[in-house]
Amino acid sequence: RYKELVSYVKEFGDTRVPARFTKNPALGQWVCNQRSNFKNFQNGVVSCGMTKEQIQQLSNIGFEWRIQISTSWINSKRSEEMIKNSQDDITSCSKRKEFEFSC
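If you're wondering where the values come from, they're calculated on a predicted model, not measured in any experiment.

Cut-offs applied
- Each chain has its residues counted from 1, following the order in which its sequence is written.
- Under the rules for a predicted model, residues below a pLDDT of 70 receive no local features and side-chain atom pairs below 80 are neither given nor counted, while totals for whole chains, interfaces and linings still include all residues.
- The basis for the side-chain values is all heavy atoms of the structure; hydrogens and waters are excluded.
- Known as pLDDT, the predictor's confidence for each residue is given on a scale from 0 to 100.
- Only DSSP runs of H or I covering at least 4 residues are called helices, and only runs of E covering at least 2 are called strands; the numbering of each starts at the N terminus.
- Should any heavy atoms of two residues lie within 4.5 Å, those residues are considered in contact.
- Each residue's exposure class comes from its accessible area (1.4 Å probe, protein chains only) as a fraction of the maximum for that residue type: buried when under 20%, exposed when over 50%, partly exposed otherwise.
- The arc under discussion is defined with respect to the helix axis, by the directions toward the C-beta atoms.
- By definition, a salt bridge exists where a carboxyl oxygen of Asp or Glu is found within 4 Å of a side-chain nitrogen of Lys or Arg.
- Each pair of aromatic rings taken from Phe, Tyr and Trp, with Trp reduced to its six-membered ring, is defined by centres within 6.5 Å and is described as stacked if the planes are under 30 degrees apart, edge-to-face if over 60, and tilted in the remaining cases.
- Here, nonpolar core refers to any group of buried Ala, Val, Leu, Ile, Met, Phe, Trp, Tyr and Cys residues whose side-chain atoms link them within 4.5 Å.
- Polar contact criterion, stated in full: a pair of N or O atoms within 3.5 Å, where within protein one must be able to donate a hydrogen and the other to accept it, and residues adjacent in sequence count only if both atoms are side-chain atoms.
- Here an axis means a line fitted to C-alpha atoms, over the contact stretch when the element is a helix, while the angle between two N-to-C directions is reported on a 0 to 180 degree scale.
- To sort the angles, those under 35 degrees are grouped as roughly parallel, those over 145 as roughly antiparallel, those from 65 to 115 as roughly perpendicular, and the leftovers as oblique.

Trainee: Sorry if this is basic, but what is going on with the confidence of the model for the protein here?
Mentor: Low-pLDDT portions of the prediction should not be read for the details of their coordinates. Residues at a pLDDT of 70 or more form 65% of the protein, whose mean pLDDT is 74. Here strand β2 (residues 96–99) stands out as the least confident element of the protein, with mean pLDDT 36; helix α1 (residues 2–12) is the most confident, with 94. Note on residues 86–103: pLDDT is under 50 here. Beyond four places in sequence and across chains, it has 45 contacts.

Right, here's the structure in full:
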């Protein structure tokens with residue numbers, strides 16, 4: 001899936017793959033799992049499925065472990081699918097709200 005993510009970055013310019021990305025649902029879920037695994041790694045969970053090497057590899061392509069979005073981004077056309085598929089309530093966002101994809 002890493003190579004698919006690299007292709008996504010080339011197309012969209014970021015690693016904000018929606019959890020339910022219609023073009024490639026498996027990639028969206030994989031990215032979501034990487035964020036979840038990273039959180040577990042940070043919390044010391046040994047069996048989290050994430051290594052320092054994987055973290056470095058993803059970081060090298062600009063992987064966003066935690067995502068913050070701005071109001072202007074919320075209003076952009078590109079955000080529509082992510083917002084539609086999100087289970088988080090981002091309508092109450094004033095200027096910035098931390099946004100993590102739920103798995």
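Trainee: Is there a simple way to think about α1 in this case?
Mentor: Residue pairs three or four apart in sequence face the same way in an α-helix, which turns once every 3.6 residues. Of the residues making up α1, those classed as buried are Leu-5, Tyr-8 and Val-9. With its buried residues spanning 100° around the axis, α1 presents them on a single face. Across from the buried face of α1, at angles greater than 90 degrees, the exposed residues are Lys-3, Lys-10 and Glu-11. Contacts from the buried residues of α1 go to α2 (25–42) and α3 (52–60). Remark: Gly-13 follows α1 within two positions and exhibits a positive phi of approximately 85°.

Trainee: Explain the pattern of salt bridges here, please?
Mentor: For the coordinates displayed, the defined rule picks out 3 salt bridges. In this structure, Glu-4 and Arg-1 form a salt bridge, with 2.8 Å as the shortest nitrogen-oxygen distance. Look at Arg-1 and you get partly exposed, because its relative accessible area is 44%.

Trainee: Explanation requested: the packing of aromatic side chains in the structure shown.
Mentor: Two numbers describe a pair of aromatic rings. These are the distance of the centres and the angle of the planes. Evaluation of the coordinates by the stated rule reveals 5 aromatic pairs. Ring centres 4.2 Å apart and planes at 25° place the aromatic pair Phe-38 and Trp-65 in the stacked group. In this pair, Phe-38 is assigned in helix α2 and Trp-65 in the loop between α3 and β1 (67–70), connecting sequence segments 27 residues apart. Accessibility classification places Phe-38 together with Trp-65 in one group, the buried group. Through successive ring pairs, a cluster of aromatic residues spans Tyr-8, Phe-12 and Phe-21.

Trainee: Sorry, what's going on with the nonpolar core here?
Mentor: Nonpolar side chains tend toward joint burial in soluble globular proteins. In this structure, Leu-5, Tyr-8, Val-17, Leu-27, Val-31, Phe-63 and Trp-65 are the most contacted members of the largest nonpolar core, which totals 14 residues. Looking at this core, the elements that each hand over two or more residues are α1, α2 and α3. With sequence-adjacent residues up to four places away left out, Phe-63 is seen in contact with Leu-5, Thr-15, Val-31, Gln-34, Arg-35 and Leu-58.

Trainee: Could you clarify how one ought to interpret the side chain of Asp-14 in this entry?
Mentor: Among the secondary structure elements, Asp-14 is positioned in the loop between α1 and α2. For Asp-14, the side chain forms a polar contact with the main-chain nitrogen of Arg-16, separated by 2.9 Å.

Trainee: Honestly, the packing of α1 against α2 in this entry has me stumped. Any pointers?
Mentor: Two quantities define a packed helix pair, namely the angle between the helix axes and the distance between the axes. Two elements in contact, α1 and α2, have axes whose closest approach is 10 Å; the angle formed by their N-to-C orientations is 100°. Classified by the interaxial angle, the pair formed by α1 and α2 is roughly perpendicular. Between α1 and α2, the contacting residues are Tyr-2, Glu-4, Leu-5 and Tyr-8 on the first element and Leu-27, Trp-30 and Val-31 on the second.

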